[in-house]
Amino acid sequence: MTFTSEQEGRASDELVRSLRTTGALTPEWDEAFRAVPRALFLPDLFWAYDMATGRSEPVARGDDPEAWHRAAYANIPLVTQWDDGAHTGTAPGTVPTSSASMPSVVAAMLRELDVSDGMRLLEIGTGTGWNAGLLAHRLGSANVVSVEIDPMVAERAQVALERAGFSPETVRADGAGGWPVGAPYDRVIATAGIRTVPPCWLEQTRPGGIILAPWGTHYSDQDTLVRLTVGDDGRASGPFLRMVEFMKLRAQRLDWNRFRAYVPRFPGDADVSRTQATLADLGERYEPVRFVTGLCVPDCAHVVNRTGAESGKAWFFDLASRSWAAVEFRAGDPSATVHQSGPRRLWDEVERALAWWAERGRPGLDRFGLTIAPDGSAHPWFEDPAGALSFG
């Protein structure tokens, strides 16, 4: 079944109406979203991601063109690559490594960019090319540079962009290095989650320019959209806007296998204590307490292995030393068992962070922000950009 241009137009119109209703899409982006169809940038096989269940289901245009078309214009994320391209077949792979983001997320990020005619823009992470196409429609192809690390992903995106009538500069390189050839840029937008803002991004952005990126810590997979304004002194600072979740920049992925050597046998010589904290206190996937704890406890990786709603083991690993902590929660037990090893008392730090957050009324992410020094070091802040986040 082949869909006509009229059908494609109706689908684009409906998507625009839906995004306008929710407030994600602003009027100045209407024309771009109508003129640059998402479907044009999608492969014949993708995996529709269910936000509620966390499962990805294959959708193949050759098998069910109507289902493919519906998913193409639905407000859902679509996985377009698994395992850095090593995956084959229709079943989901192990790790999703490229995708088409939810249209509402795409629209909201473009709104936050606050672009105007004549601006030059650098995009980190071309992906399907749809975002680059929207930007090229609004700013002109000559003003858009998009960098993609994966050769196969980059090639598909470039073909799709040419098919759509756009010719932004598409570069096959590691986005962690930016693209100095086209600098300085008025705007830099990252479509991959980052744990460190590369100093070169600041260097390649003009003073007064904006860097918009999904930023987080290794404490969790959570990303929060941060809008950084670059100053004359080479620093960049700005507020956190809202929670998002992106696939991570390849150069900044966390290798969990590194922690196997931390605990050769459990519990070993770890110190043992008790805590009144519960598993719920650590927060669920999209709750701000997890993100805030990561701000307060830097250089710490954290994972929970659940065995029930109120039971499981929470692990904490120091990224700079062999320090670790593990907390065993059991349903019905009024206290949990804490194991800590190494010079850094990670669980003690986590408890202080939880108490700090609670004492301030459990503030949301909109009261926090980030300053990036010229060397790339990150300095989170609470309410006052001139101060540093401190607790304890």
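First, a word on what this report is: a plain description of the structure on this page. Note that this is a predicted model, so its numbers are computed, not measured.

Here is what the cut-offs are and how they apply
- Residues numbered from 1 in each chain as written.
- Predicted model: local features only at pLDDT ≥ 70, side-chain atom pairs only at ≥ 80, totals over all residues.
- Heavy atoms only, no water.
- Salt bridge = Lys/Arg side-chain N within 4 Å of Asp/Glu carboxyl O.
- Helix = DSSP H or I, 4+ residues; strand = E, 2+ residues; numbered from the N terminus.
- Buried < 20%, exposed > 50% of the residue type's maximum accessible area, 1.4 Å probe, protein only.
- Lys, Arg positive; Asp, Glu negative; His and termini not counted.
- Polar contact = N/O pair within 3.5 Å; in protein donor to acceptor, adjacent residues only side chain to side chain.
- Pairing = 2+ DSSP bridges.
- Axes fitted to C-alpha atoms, helices over the stretch in contact; angles between N-to-C directions.
- Contact = heavy atoms within 4.5 Å.
- Phe/Tyr/Trp six-rings, centres within 6.5 Å; stacked < 30°, edge-to-face > 60°.
- Lys NZ or Arg CZ within 6 Å of the ring centre and 35° of its normal.
- Core = buried A, V, L, I, M, F, W, Y, C linked by side-chain atoms within 4.5 Å.

Quick notes on the pattern of salt bridges
Between side chains of opposite charge, pairing is possible as soon as their charged atoms come close. With the rule as written, the count across this model stands at 24 salt bridges. Where R253 meets D84, a salt bridge forms, and the shortest distance between an N and an O atom there is 2.8 Å. In this pair, R253 is assigned in the loop between strand 11 (236-244) and strand 12 (271-275) and D84 in the loop between strand 3 (78-82) and strand 4 (96-100), connecting sequence segments 169 residues apart. A relative accessible area of 37% places R253 in the partly exposed class. Judged by its relative accessible area of 32%, D84 is partly exposed. E328 is the salt-bridge partner of R330, the closest N and O atoms lying 4.0 Å from each other. Relative accessible area serves as the criterion here: at 46%, R330 is assigned to the partly exposed category. The network of salt bridges with common partners includes D13, R20, D30 and R34.

Some words on the side chain of E148
Looking at the element boundaries, E148 is found in strand 6 (residues 144-148). Buried charge E148 goes without a salt bridge, the closest partner of opposite sign being R250 at 5.2 Å. At 3.1 Å, the side chain of E148 and the backbone nitrogen of D150 are in polar contact.

Describing the sheet that holds strand 13 (residues 300-306)
Pairing is antiparallel across the open sheet formed by 5 strands, whose spatial order is 12-16-15-14-13. Only two strands of the sheet have a single neighbouring strand rather than two, namely strand 12 and strand 13. In this sheet, adjacent strand axes meet at a mean angle of 20° when their direction is disregarded. Of the strands in this sheet, strand 12, strand 13, strand 14 (312-318), strand 15 (324-329) and strand 16 (336-341) are in contact with helix 9 (residues 346-359), which crosses strand 14 at around 105°.

Observations concerning the packing of aromatic side chains
In this description, a pair of aromatic rings is defined by centroid distance and the angle of the planes. Within this structure, the stated rule accounts for 19 aromatic pairs. When the ring of F259 is compared with that of Y262, the centres are 5.2 Å apart and the planes differ by 85°; the resulting orientation is edge-to-face. Both residues of the pair, F259 and Y262, belong to the buried class. Of the aromatic side chains, those joined through ring pairs into one cluster are W256, F259, Y262, F266, W315, F317 and W324. The ring of W29 carries R138 above its face, with NZ or CZ at 4.9 Å from the centroid. In this arrangement the basic side chain of K313 is found over the ring face of F266, its NZ or CZ atom lying 3.9 Å from the centre.

As for the nonpolar core
Of all hydrophobic cores here, the largest spans 54 residues; its most connected members are W215, L282, F316 and W347. When sequence neighbours within four positions are dropped, the list of residues in contact with F316 reads Y219, L282, C300, A301, H302, S323, W324, A325, V327, L346, W347 and V350. The next biggest cluster of nonpolar side chains, apart from the first, holds 46 residues, and it includes W29, A72, A132 and L134.

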